[in-house]
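# Geometric and topological summary
Letter by letter, the chains look like this.
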Amino acid sequence: MVEIRNLHKAFEGQQVLRGVDLQVAKGEILVIIGRSGGGKSVLLKHLMGLLKPDEGQIFIDGVDITQLRGRAFDQLRERFGVVFQGGALFDSLTAFENVAFPLREKTRLLEEAIREKTLTLLKQVGLADMGHKYPAEVSGGMRKRVALARALTMEPEIILFDEPTTGLDPIMVNAIHRLILDLHRRIGFTAVLVSHEIPEIFGLADRVAMLHHGVVVEAGTPEAIQFSANPVVRQFITGDPEGPIQPD
Ligand SMILES: Nc1ncnc2c1ncn2[C@@H]1O[C@H](COP(=O)(O)OP(=O)(O)OP(=O)(O)O)[C@@H](O)[C@H]1O
Ligand SMILES: [Mg+2]
């Protein structure tokens, strides 16, 4: 469904992506791992069309999205749901209004239908009675769940998650992962998820890809990655300070 070919991106001479090749199958959950500052968020932003590559292509259902402009681009964006690193909720809106926002902006649904759909989404993420709270009044885990519910409102085919659980306690991490799996089973979206949660991601991913020095050094099933022979992958997943990757 998604094919990234030879993607390059530099910022002011700093090469961040140096030829990323990666494929995501329809309905799969792909987790991207790699060091902080390694370009994971930059890669997701290319998938959303928020950044344009210096070189390379991204095909979605065979169409190169890096070339899309105007209406064709907007139509593409509607197929995506996004959970940004940090949540990116509207602070001045309640949880309910945050989740309802895309419905109000992008559909002509009547108030009653918006209300019903929003309450269903809040219930699905375990926030049935929290709709009246503002982002500042709920915990980090709840904010992540509001962001997740908002990403689901338009029933996207592809959801991009940038570190949906970073900073949460281990129980909440697993609760969010379980929620993503549960929604995935019911709704069947394709997911690309960036995460530092090792080993928890091995229970969530269909495949894991490691981004290092601007390329995907290995992509495979959780088992293949856990038993990888690649010293870079091995060091990263064990967190060993000694090895080919030098801490800065
Ligand atoms: N708009 C931009 N302008 C200039 N440099 C940028 C821009 N966006 C990202 N970068 C640089 O690209 C590099 C990769 O950033 P990115 O945010 O993708 O890292 P990351 O892998 O997501 O890290 P983390 O795990 O900490 O979120 C960083 O050095 C960053 O400073
Ligand atoms: Mg990032």
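Structural notes, computed from the coordinates. Remember, it's a predicted structure, so these values are computed and weren't measured experimentally. (Residues numbered from 1 in each chain as written. Chains lettered and ligands numbered in written order. Predicted model: local features only at pLDDT ≥ 70, side-chain atom pairs only at ≥ 80, totals over all residues. Heavy atoms only, no water.)

Now for the site of ligand 1. For ligand 1, the set of nearby residues contains 14 residues, the closest of which are Gln14, Ser36, Gly37, Lys40 and Ser41. Gly37 places a main-chain nitrogen or oxygen 2.7 Å from an oxygen atom of ligand 1. Gly38 places a main-chain nitrogen or oxygen 3.2 Å from an oxygen atom of ligand 1. Calculation on ligand 1 without its partners gives an accessible area of 640 Å², and the protein chains cover 65% of this total. Elements represented by at least two residues in the shell around ligand 1 include exactly β2 (14-24) and α1 (40-48). By residue number, the principal contributor to the shell around ligand 1 is α1, which donates three residues. (Near = heavy atom within 4 Å. Polar contact = N/O pair within 3.5 Å; in protein donor to acceptor, adjacent residues only side chain to side chain. Areas by Shrake-Rupley, 256 points an atom, 1.4 Å probe, with all protein chains shown as cover. Helix = DSSP H or I, 4+ residues; strand = E, 2+ residues; numbered from the N terminus.)

It is worth spelling out the pattern of salt bridges at this point. Tallied over the full model, the rule gives eight salt bridges. Between Glu28 and Arg207 there is a salt bridge, with its nearest N and O atoms 3.0 Å apart. Of this pair, Glu28 sits in the loop between β2 and β3 (29-33) while Arg207 sits in strand β9 (residues 207-212), and the two are 179 residues apart along the sequence. For Glu28, a relative accessible area of 9% translates into the label buried. Looking at Arg207, the relative accessible area reads 22%, which means it is partly exposed. With a closest N to O distance of 3.1 Å, Arg104 and Glu97 form a salt bridge. According to the relative accessible area criterion, Arg104 is partly exposed, its value standing at 31%. Through salt bridges with shared partners, one network takes in Asp61, Arg79 and Glu157. (Salt bridge = Lys/Arg side-chain N within 4 Å of Asp/Glu carboxyl O. Buried < 20%, exposed > 50% of the residue type's maximum accessible area, 1.4 Å probe, protein only.)

Everything listed here is a matter of geometry and, on its own, says nothing about what the molecule does.
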